[in-house]
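The lines below spell out each chain.
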Amino acid sequence: MYHHFPGGRSELILSATRLAGDFITALVEDAATDGDPVRALERFVRFWKYALADSDYTAGCPIVALAVDGRHGTDEVAVLVREIFTRWQTSLSGLLVAHGIPAARARSLATVVVAAIEGAVILCRAQGDDGPLDDVLTEIPRLLGTP
């Protein structure tokens, strides 16, 4: 392990966090290729539904886990977690602006979307079903003005 991660556990955590953040960023950006924010939301939710069902509702977002678990809280990890969430919000905000939503509202809505999905994943784990993600798919398009 130290051959690949000479910085030890801290380097391993940072590397895994970057990889997870990049994966989900690519998922959001790939889902947004057609420019439809609702379709991007549907694809993102579909990913989480599959991941949750496939893991018997034990999967969760590794970025959220690091954000709330202070035991791994080096300054580098905290900065990286903040950067990843900002990247997700920026990607979603850009998609919303391209869809005609004013920039200030798009930034705010991007925060709501990230918080709603991440919160829904936590609720799905707790409840053992994907109902909270279905609720997100019902309500977020209304907020975007596309019921």
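For the protein, the count of helices and strands is six helices and zero strands. When the elements of the protein are put in sequence order from the N terminus, they spell out α-α-α-α-α-α. Scored against the burial criterion, the 147 residues of the protein give a buried share of 38%. For the protein, the proportion of contacts with a sequence separation of at least 24, taken over those separated by at least 6, is 62%. Carbon and sulfur atoms make up 58% of the accessible area of the protein, which totals about 8,100 Å².

By the definition in use, this model includes one cavity of 30 Å³ or more. In this model, the largest cavity occupies a volume close to 110 Å³. Forming the walls of the largest cavity are 13 residues, and the residues nearest its centre are Pro37, Ala40, Leu41, Leu92 and Val113. Of all elements in the fold, only helix H1 (9–31), helix H2 (37–54), helix H4 (75–98) and helix H5 (103–127) reach the threshold of two or more residues within the lining of the largest cavity. Across the lining of the largest cavity, the residue classes tally to 13 nonpolar, no polar and no charged.

The next subject is helix H6 (residues 131–143). A rise of 1.5 Å per residue sets the reference length of H6, with its 13 residues, at 18 Å; its end C-alpha atoms lie 19 Å apart and thus fit the reference within 8%. All buried positions along H6 are accounted for by Pro132, Leu133, Val136, Ile140 and Pro141. One or two steps after H6, the chain reaches glycine 145, where phi turns positive at roughly 80°.

On to unusual backbone geometry. Positive phi, close to 55°, is recorded for aspartate 56, a residue that is not glycine. Its place among the elements puts aspartate 56 in the loop between H2 and helix H3 (62–68). Residue classification places aspartate 56 among the exposed positions, given a relative accessible area of 63%. The backbone of tyrosine 57 sits at a positive phi, close to 65°, despite the residue not being glycine. Tracing the backbone through its elements, the reader meets tyrosine 57 in the loop between H2 and H3. Under the relative-accessibility criterion, tyrosine 57 is labelled buried at 17%.

This part takes up the pattern of salt bridges. Side chains that differ in sign of charge can pair as their charged atoms come close. What the rule picks out here adds up to four salt bridges. Here aspartate 22 makes a salt bridge to arginine 87, at a shortest N to O gap of 2.7 Å. Pair noted here: aspartate 22 is in helix H1 and arginine 87 is in helix H4, with a separation of 65 residues, a long-range link. A residue is classified by how much of its surface remains accessible, and aspartate 22, at 41% relative accessible area, is partly exposed. For aspartate 36, the salt bridge is made with arginine 39, and the minimal N-O distance between the two is 3.4 Å.

Inspection of the secondary structure puts glutamate 118 in helix H5. Although glutamate 118 lies buried, it forms no salt bridge, and the closest oppositely charged side chain, arginine 125, sits 9.3 Å away as judged by the N-O distance. Setting aside residues no more than four positions away along its own chain, glutamate 118 makes contact with Cys61, Val64, Phe85 and Trp88.

Rules used throughout
- Residues numbered from 1 in each chain as written.
- Predicted model: local features only at pLDDT ≥ 70, side-chain atom pairs only at ≥ 80, totals over all residues.
- Heavy atoms only, no water.
- Helix = DSSP H or I, 4+ residues; strand = E, 2+ residues; numbered from the N terminus.
- Buried < 20%, exposed > 50% of the residue type's maximum accessible area, 1.4 Å probe, protein only.
- Contact = heavy atoms within 4.5 Å.
- Areas by Shrake-Rupley, 256 points an atom, 1.4 Å probe, with all protein chains shown as cover.
- 1 Å grid on protein atoms, 1.4 Å probe; cavity = no way out; pocket = protein on both sides within 12 Å on 5 of 7 lines; lining within 4 Å.
- Points joined across faces, edges and corners; volume = space filled by probe spheres on them.
- Nonpolar A, V, L, I, M, F, W, Y, C, P; charged D, E, K, R; others polar.
- Expected span 1.5 Å × (residues − 1).
- Salt bridge = Lys/Arg side-chain N within 4 Å of Asp/Glu carboxyl O.
- Lys, Arg positive; Asp, Glu negative; His and termini not counted.

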